[in-house]
Amino acid sequence: MVEKLARLTADQRSNFVAYLDGELSEQETQQIERLLAQNEVARHDMESLATVWEVLDTLPRTKAPDDFAQKTIATLKLDEQHTPLAEQAWFQKTQEVGSRVLGWCLVIACGFVGFVLLRSYPPSSADALIENYPVLEQFDSYQEIGSVEFLKKLQSSPEWLKHNQNSGEAIR
């Protein structure tokens, strides 16, 4: 029967390096050794890692500069310091763009308000004509009537009242 190859978890793989360095507890070491005995993929990965470890040991060792620790600590301290929000570059750029957008919005709003105000004040003669269009449309008919007194007499006449009652309309 063919043995099924089991995948290794990230935790198991990360323990391989600690196993090679001898940094694992006794219980963790036994777990890795059991895994290596049972899993061919784990054995292959461990052999590859051990080969890489041996090659790394053959490389020449370099010495860090004397001030390496001081520079590293200074860099870490700089990273720990919190830069105020107003001094951060992204915030300054956002403020700049935001102020420009706000300025353009104000210019557009002022232009719109000005347009609306100038359009409505003072009313033009064209506006008056448009507003009175229904009257102007019947202007010729109104001229034939002559006067308002005639319309009042017509409204109070019995023939008109009878005609309006029959048609269902009443002039007020």
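Keep in mind that this is a model prediction, so the values were computed, not measured.

Rules used in this analysis
- Residues numbered from 1 in each chain as written.
- Predicted model: local features only at pLDDT ≥ 70, side-chain atom pairs only at ≥ 80, totals over all residues.
- Heavy atoms only, no water.
- Phe/Tyr/Trp six-rings, centres within 6.5 Å; stacked < 30°, edge-to-face > 60°.
- Disulfide = S-S within 2.5 Å.
- Buried < 20%, exposed > 50% of the residue type's maximum accessible area, 1.4 Å probe, protein only.
- Core = buried A, V, L, I, M, F, W, Y, C linked by side-chain atoms within 4.5 Å.
- Helix = DSSP H or I, 4+ residues; strand = E, 2+ residues; numbered from the N terminus.
- Contact = heavy atoms within 4.5 Å.
- Polar contact = N/O pair within 3.5 Å; in protein donor to acceptor, adjacent residues only side chain to side chain.
- pLDDT = per-residue confidence, 0-100.

### Things to note about the packing of aromatic side chains
Taken as a whole, this structure holds one aromatic pair when the rule is applied. Aromatic pair Trp90 and Phe91: ring centres 5.9 Å apart, planes at 85°, arrangement edge-to-face.

### Topic: the state of the cysteines
As used in these notes, a disulfide is a covalent bond between sulfur atoms, one from each of two cysteines. A full pass over the atoms with the stated rule returns zero disulfides. A disulfide-free cysteine, Cys105 has its sulfur positioned 11 Å from the sulfur of Cys110, the nearest such atom. A relative accessible area of 58% means that Cys110 is categorised as exposed.

### As for the nonpolar core
Within the largest apolar cluster, nine residues are counted, these being Leu8, Phe16, Ala18, Leu24, Ile32, Leu35, Leu36, Ala42 and Met46. At the level of secondary structure, the elements contributing two or more residues to this core comprise α1 (10–21), α2 (26–38) and α3 (40–58). In contact with Leu24, other than residues within four places in its own chain, are Asn15, Ala18, Tyr19, Thr29 and Ile32.

### Section: the side chain of Thr29
Residue position: Thr29 is located in helix α2. The buried category is assigned to Thr29, whose relative accessible area is 18%. Apart from residues no more than four positions distant in its own chain, Thr29 is found in contact with Tyr19 and Leu24.

### Some details on the side chain of Asn39
With respect to the helices and strands, the residue Asn39 is situated in the loop between α2 and α3. Taking relative accessible area as the criterion, Asn39 reaches 7% and is therefore assigned buried. At a separation of 3.2 Å, a polar atom in the side chain of Asn39 contacts the main-chain amide nitrogen of Ala42.

### Examining the confidence of the model for the chain
Residues with a pLDDT of 70 or more make up 93% of the chain, whose mean pLDDT is 82. Mean pLDDT across the elements of the chain ranges from a minimum in helix α8 (residues 139–145), with 77, to a maximum in helix α5 (residues 89–120), with 92.

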